[in-house]
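Per-entry structural report
Residues per chain, in single letters:
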Amino acid sequence: MFQKILIANRGEIALRVIRACREMGIRSVAVHSTADSDAMHVRLADESVCIGPPPSSQSYLAFPNIISACEITGADAIHPGYGFLSENASFVQIVEDHGLAFIGPTAEHIRVMGDKIAAKETMKALGVPCVPGSDGGVPDVETARIVADQIGYPVIVKATAGGGGRGMKLAPTADDLEHAFQTARSEAKAAFGNDEVYLEKYLTRPRHIEVQVFGDGKGRAVHLGERDCSLQRRHQKVMEEAPGPAITAEMRAHIGKVCADAVAGINYIGAGTIEFLYEDGEFFFIEMNTRLQVEHPVTEAVFGVDLVREQIRVAQGEPMSFVQDELEVLGHAIEVRINAEKLPNFTPSPGNVGMYHAPGGLGVRMDSALYSGYTIPPYYDSLVAKLIVRGRDRPEALSRLQRALSELVIEGIDTTLPLFDALLREPAIQTGSYDIHWLEKWLAGNLE
Ligand code: ADP
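All values reported here derive from a predicted model rather than from experimental measurement.

What about the domain arrangement of the protein?
- By domain assignment, the protein separates into domain 1 (4-103), domain 2 (132-201) and domain 3 (207-446).
- The C-alpha-based centres of domain 1 and domain 2 are spaced at 36 Å.

Right, dumping it as structure tokens:
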């Protein structure tokens, strides 16, 4: 059993993990850069270690600094949160070589799923439906043309090593293919040091539906339904909900089983998310994320489970604390991502937080590392709070969200809060009838 867990992250997700540790009677170690000395995760953890200067390459991403922090504090396991080192197979390997436990999947699973082509091949072989596209990487424009003619325009050129919405270019027609191909390639080279790209049919009005899976590493796995994350700006999720307004119980059971069987088939361990585009009643796999997602709380809210606790349990060799038959969707949950950004252009807005007041009451969860008087450093992600609400049904969740937003006060900095007040007035949000392009179109007409 773990005695002490080091959290290789910051912000709200570090708090999330510290909370699970405390409830399980496990001591927690926070690591922080010099820019984060006053951060809430440092204050709430049982111990803390400074691991370097502000740039994450020299602190939150620096393997030796993090391993040393484990050795100094006697931590026996590392929880990576999301982002930073959470999907870095080399890091996992080094953690294990030092006799420490990594709370997450194996280096091999991270490697396979981090390569989008290998991930697609693996999933296809496991019976998961995929977006039509090239079989593997596309070496040059000539080959891209042949593939695009076969699958039909529009097509999207995507980086094999892609992530965070980068290295993706749309080619609406054959005339656009060469430009899309070359730009995706150079963007991929610059962002990921790997210029391999592949082609997919571009779906014109899909929803982004992702299935939460969980495995014990011994061939047993379950699914915890889906999240609809179609509300996106520049391929970044803005608001997420569970269950998906367009997904029926039968569809959930079907796609959930396909996903659970697939991860059971590879002895997957821990939390994972299988992402699909969903159009006209069909699911098309796009990628698998081998970590806890930012939006995991909506799943926790409707299933009444603690996913971080489960991650820790399976990492120390214990079974999951539930089986598929016990997992039932109860009610509806919505999360909004509150970023320190100034509208209408979403420009980062770090700085001093004046007054901060979090909403509360029935069905309200606020995951945030903010406090009155905190100074948000300019070096990291602009996500500062996640507001999650649960209601007995979708209308109740929506009115609860509106009520909770009205209680929330964040002064001193600009945030994306006004966006949600405006979105809640939209009929498409009230009825849940939006696809992945809806938000961009709405922003163009309403804000930008
Ligand atoms: P990343 O790993 O960079 O997040 P994904 O493959 O998950 O990349 O895609 C991110 C988003 O890009 C999707 O949620 C969707 O909005 C859009 N997208 C990706 N592939 C397609 C496709 N084939 N057709 C339409 N949209 C797509």
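Focus: the sheet that holds strand β1 (residues 4-7)
- The strand order across the open sheet built from five strands is β3-β2-β1-β4-β5, with neighbouring strands paired in parallel fashion. Each end of this open sheet is capped by a strand with a single partner; those strands are β3 (47-52) and β5 (101-102).
- Across three bridges, the pairing between β1 and strand β4 (residues 77-79) is parallel. Looking at β4, one finds that Ile5 is bridged to Ala77.

Remarks on the environment of Gly270
- Along the polypeptide, Gly270 turns up in strand β12 (residues 269-279).
- Between the alpha carbons of Gly270 and Ala221 there is a distance of 9.1 Å; along the sequence they are 49 residues apart.

Observations concerning the pairing of strand β2 (residues 27-33)
- Counting buried residues in β2 gives six out of seven residues, a clear majority hidden from the surface.
- Where β1 meets β2, four bridges bridge the pair, whose relative direction is parallel. Bridge pairing links Lys4 to Arg27 in β2.
- Each parallel crossover has a hand, and for β1 linked through helix α1 (residues 11-23) to β2 it is right-handed.
- By the bridge criterion, five bridges tie β2 to β3 in an arrangement that is parallel. The residue bridging Val31 from the neighbouring strand is Val49, located in β3.

Section: the sheet that holds strand β6 (residues 155-163)
- In spatial order, the strands read β7-β6-β8; together these three strands make up an open sheet with antiparallel pairing. A strand with exactly one partner marks an edge of an open sheet, and here the two such strands are β7 (166-171) and β8 (197-201). In this sheet, neighbouring strand axes are inclined to one another by 25° on average, regardless of whether the strands run parallel or antiparallel.
- Across five bridges, β6 lies against β7 in antiparallel orientation. Looking at β7, one finds that Ile156 is bridged to Leu170.
- The sheet strands contacting helix α8 (residues 177-192) are β6, β7 and β8, and the helix crosses β7 at an angle near 175°.

Examining the site of the ligand
- Within the structure, the ligand sits among 21 residues, and Lys116, Lys158, Gly165, Lys201 and Glu287 are positioned closest to it.
- Between a nitrogen atom of the ligand and a main-chain N or O atom of Leu203, the distance comes to 3.0 Å.
- Protein contact buries 95% of the 550 Å² of open area that the ligand shows by itself.
- Where the shell around the ligand is concerned, the elements lending two or more residues are β6, β7, β8, β12 and β13 (282-289).
- The leading source of residues in the shell around the ligand is β6, at three residues.
- Within the shell around the ligand, the residues separate by chemical class into eight nonpolar, six polar and seven charged.
- The residue makeup of the shell around the ligand includes at least three contributed by each of domain 2 (132-201) and domain 3 (207-446).

The rules behind each value
Residues numbered from 1 in each chain as written. Predicted model: local features only at pLDDT ≥ 70, side-chain atom pairs only at ≥ 80, totals over all residues. Heavy atoms only, no water. Domains from an automatic or database assignment. Pairing = 2+ DSSP bridges. Helix = DSSP H or I, 4+ residues; strand = E, 2+ residues; numbered from the N terminus. Buried < 20%, exposed > 50% of the residue type's maximum accessible area, 1.4 Å probe, protein only. Right-handed = clockwise from strand over helix to strand, strands pointing away. Axes fitted to C-alpha atoms, helices over the stretch in contact; angles between N-to-C directions. Contact = heavy atoms within 4.5 Å. Near = heavy atom within 4 Å. Polar contact = N/O pair within 3.5 Å; in protein donor to acceptor, adjacent residues only side chain to side chain. Areas by Shrake-Rupley, 256 points an atom, 1.4 Å probe, with all protein chains shown as cover. Nonpolar A, V, L, I, M, F, W, Y, C, P; charged D, E, K, R; others polar.

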